[in-house]
Protein chains: 2
Amino acid sequence: MQNVSIKELYRNKEQYMDQKVSISGWIRTLRDSKSFGFIELNDGTFFKNLQVVFDDALCNFKEIAKLPISSSLTIEGTVVATPQAKQPFEIKAVSIVVEGLSHSDFPLQKKRHTFEYLRTIAHLRPRSNAFSAVFRVRSVAAYAIHKFFNEKGFVYTHTPLITGSDCEGAGEMFKVTTLDLHNIPKNDDSSINYKEDFFEKESNLTVSGQLNAECFALAFKNVYTFGPTFRAENSNTARHAAEFWMIEPEISFADLKDDMQLAEDMLRYVIKYVMDECPEEIEFFNSFIDKGLKERLNHVVSSEFGKVSYTEAVELLKKADKEFEYAVEWGCDLQTEHERYLTEEIFKKPVFVTDYPKDIKAFYMRLNEDGKTVAAMDCLVPGIGEIIGGSQREERLDVLEQRIEELGLNKEDYWWYLELRKYGGTKHAGFGLGFERLIMYITGMSNIRDVIPFPRTTGNFEF
Amino acid sequence: MQNVSIKELYRNKEQYMDQKVSISGWIRTLRDSKSFGFIELNDGTFFKNLQVVFDDALCNFKEIAKLPISSSLTIEGTVVATPQAKQPFEIKAVSIVVEGLSHSDFPLQKKRHTFEYLRTIAHLRPRSNAFSAVFRVRSVAAYAIHKFFNEKGFVYTHTPLITGSDCEGAGEMFKVTTLDLHNIPKNDDSSINYKEDFFEKESNLTVSGQLNAECFALAFKNVYTFGPTFRAENSNTARHAAEFWMIEPEISFADLKDDMQLAEDMLRYVIKYVMDECPEEIEFFNSFIDKGLKERLNHVVSSEFGKVSYTEAVELLKKADKEFEYAVEWGCDLQTEHERYLTEEIFKKPVFVTDYPKDIKAFYMRLNEDGKTVAAMDCLVPGIGEIIGGSQREERLDVLEQRIEELGLNKEDYWWYLELRKYGGTKHAGFGLGFERLIMYITGMSNIRDVIPFPRTTGNFEF
């Protein structure tokens, strides 16, 4: 007999009606009376449960009727239409095999738990409605990203995680080492003897694959990365994690306008894909997590993103009828409060802020004609703030070398990056999308810890 | 005018014939005479070059005729059929814009370079035929993996990279820290004061996402990971890297037989997908890298994998008419020479070796009825040896606890892993596929350094 998933049953119910099937999953709820009972079974493939009816014709009726929730079962039975009931069909069980007993102290009982509590049982929380939905959406969104870039002919590139270079020229990094921390080998001048370390040099976990991705973009035209990145920043906020996934496309023969178009097309594609593939999950988030979610997502899919230069944005914020914690002046970095005001109050939709002052942006961003700003863009979305940061890259070797010197960086460390400009460089651009922030945006979940399977934050990496 | 990729032109040439198009790419070769010239242009989207003809009607004819190779261009012109020539069509250029000049000392001149030399210019090697092909195949194979699991309804799960647990109970790991290595904080008893470290505990880079993936398999039924893993082993071989990508599916309500079927289906699917999508690349590898490649891949796609128990395999190896460097005895781990002999000489195709002695395998593998072996499987392929390692997992709480004790591991470290067995555990299984070894197998490339964009090996992480 065919063992089918609950998703398959729901999606193609006509073809299974009155058929015998085999289903495996976990008990979400169980009600019984003397001679029959109902099981709500979930197998994680679908948001909804499957209703199973069983009666005392089963040889193990008494055992089944007393099972603790979360016990795992394999059920054989017939699919029966239930036109009068809430659910479209149910299974009349012919046999129920207990695959694994649960215990009565299973921590996810029917009552509602706080997300804080559920983080302490990250190994079990995917069996709850909310996290089951979040992590299915995360998976579907990841696939949508690969599908989007694949359809456009981009080459998926795995950039390295252990690195000697510091892409941003800033940002706290984790050190990676095989040295014995009890007994760090030293040179005569008491500096650390890295010759004894695995890579024979100081090494770190990367904060971005961009510089490596640029090498590949200048060979394959259009590439993207999708992999983990790290920040050792001690910022205990709802939007920061020490380990998170990032998507970084890099496109050649392309400028900042092309870059923004790609970002907009990608966001719209992924959101639409998730809405099409996960309507039950989106409905749930809209009802229980974020009442305005569906309206906002529909709006994003159907309307153009806003565009405003940094200089204009600063003017708008200065004129705003709102007390900010941090004052806004031309030259300062925008805070989350400013970003959210722009996207939530002024534009009421996603907005690109472009052409930031060069002094608050990275060395590799292309200097504009005014000599003061760079061809950078940040994409801000309601509820989150910055979700994407990108720029046109400086392709002029002399300008780039000058910027590296101005910032006191070591030119020798960037020899290969500079050579990209020497041997047939071309205008090119790219951006980074924080994958977790995208999932927060699509689900309405407000803490990054709740969209990562096993989050890593300051002082926290249980599991 | 439409800017199209060279792949698009080749794949849909009929629709572009006699049309004007715009193409951007890099010069691979350039020949000129007094009044006309030929450019072989490559844009990285396709294995083959595009032939461009230009003549002195171009206002910048003299400039173009003298361009160094690897200069980047945007060309407008008409697609013209060339039925007499090797290539099916060419572009008659109407205008050529130089996007970026290259220099005459571009290191990838037409002569053949050794792969060793090309590793020293990892930022430029994707512009060579071989590496352009390798990294396109790598991208296509990665997509095939996502597509395969997506079609089967698996949930893609991002397991953490920074971890406190050591999945294998063995294996050298990289330490991750934010402590000042010049001045490691110590406790009174001179142990390291990890309270001052980022995670307030000793932390490492993961060697496998399996234990975390099991948590998700016991909620979503079928899941897979596809992400980086790390080994700090000082093994300077052609098959080992310190950082590599691994695919780890984990399936519930499934045993070792289901696990092997999944592995076989997956390998066959990915190989077939790459052969269908990249025929030009496979042709190239077959001609220049590994003469038997196509035959071998076709054989894998069309024939069943072999199966042999470890105990039988040891008997076969003992009887073999071959001097091994390491003698074979029941109880010892198989060496690469043994693995390759089994798959290359005895079976002449991929083969699963099953049911290894428990003492040479990890604690989480399911103990067989004989009490001596575990339900493990390794998949061996010709030319490589082990490409997949998997097992049915021990789902019996008491047996698992006993194994953890036997091996001297700390039960408290595995509290959440053990709880999976307490709350509705079920038989389940999984495996790990080394992605780089798969790419070596599909391309015939013999060194792992040549299938990773920027490889990390002992003492080596330039770029």
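Residues numbered from 1 in each chain as written. Chains lettered and ligands numbered in written order. Predicted model: local features only at pLDDT ≥ 70, side-chain atom pairs only at ≥ 80, totals over all residues. Heavy atoms only, no water.

A. Broad picture of helix 7 (residues 256–277) of chain A. With 22 residues, helix 7 of chain A extends 32 Å from end C-alpha to end C-alpha; this agrees with the ideal 32 Å at 1.5 Å per step. Where helix 7 of chain A begins, one side-chain oxygen reaches toward the backbone nitrogen of Lys257 of chain A, 3.1 Å away; that side chain belongs to Asp255 of chain A. (Helix = DSSP H or I, 4+ residues; strand = E, 2+ residues; numbered from the N terminus. Expected span 1.5 Å × (residues − 1). Polar contact = N/O pair within 3.5 Å; in protein donor to acceptor, adjacent residues only side chain to side chain.)

B. Geometry of the domain arrangement of chain A. All names here are of chain A. By domain assignment, chain A separates into domain 1 (6–100) and domain 2 (127–152 + 213–450). Each of domain 1 and domain 2 has a C-alpha centre, and the two are 45 Å apart. For the pair domain 1 and domain 2, the summed buried area comes to about 840 Å², and 42% of that belongs to carbon and sulfur atoms. If you sort the residues of domain 1 by the area they bury against domain 2, Arg11, Arg28 and Phe47 come out on top, with a joint share of 64%. (Domains from an automatic or database assignment. Buried area = accessible area lost by both parts, 1.4 Å probe.)

C. Main features of unusual backbone geometry. Despite not being glycine, Glu200 of chain A has its phi angle at roughly 65°, a positive value. The residue Glu200 of chain A is located in the loop between strand 8 (175–177) and strand 9 (204–205) in this model. The backbone phi angle of Phe253 of chain B is positive, close to 55°, even though this residue is not glycine. By secondary structure assignment, the location of Phe253 of chain B is in the loop between strand 11 (243–252) and helix 7 (256–277). What makes Phe253 of chain B buried here is its relative accessible area of 12%. (Buried < 20%, exposed > 50% of the residue type's maximum accessible area, 1.4 Å probe, protein only.)

D. Quick look at the packing of helix 10 (residues 310–319) of chain B against helix 11 (residues 336–346) of chain B. Residue and element names in this part refer to chain B. Viewed as axis vectors pointing N to C, helix 10 and helix 11 meet at an angle of 80°, and their least axial separation amounts to 11 Å. Comparing their axes, helix 11 and helix 10 come out roughly perpendicular. Here Ala313, Leu316 and Leu317 of helix 10 lie close against helix 11, whose contacting residues are His338, Tyr341, Leu342 and Ile346. Residues belonging to the contact of helix 10 with helix 11 are distributed by class as follows: six nonpolar, one polar and no charged. (Axes fitted to C-alpha atoms, helices over the stretch in contact; angles between N-to-C directions. Parallel < 35°, antiparallel > 145°, perpendicular 65-115°, else oblique. Contact = heavy atoms within 4.5 Å. Nonpolar A, V, L, I, M, F, W, Y, C, P; charged D, E, K, R; others polar.)

E. The packing of helix 12 (residues 397–406) of chain B against helix 13 (residues 415–422) of chain B, seen in detail. All names here are of chain B. Relative orientation of the contacting elements helix 12 and helix 13 amounts to 155°, with a least axis distance of 9 Å. Considering the angle they form, helix 12 stands roughly antiparallel to helix 13. Contact residues: Leu397, Leu400, Glu401 and Ile404 in helix 12; Tyr417, Leu418 and Arg421 in helix 13. Here the residues of the contact of helix 12 with helix 13 sort into five nonpolar, no polar and two charged.

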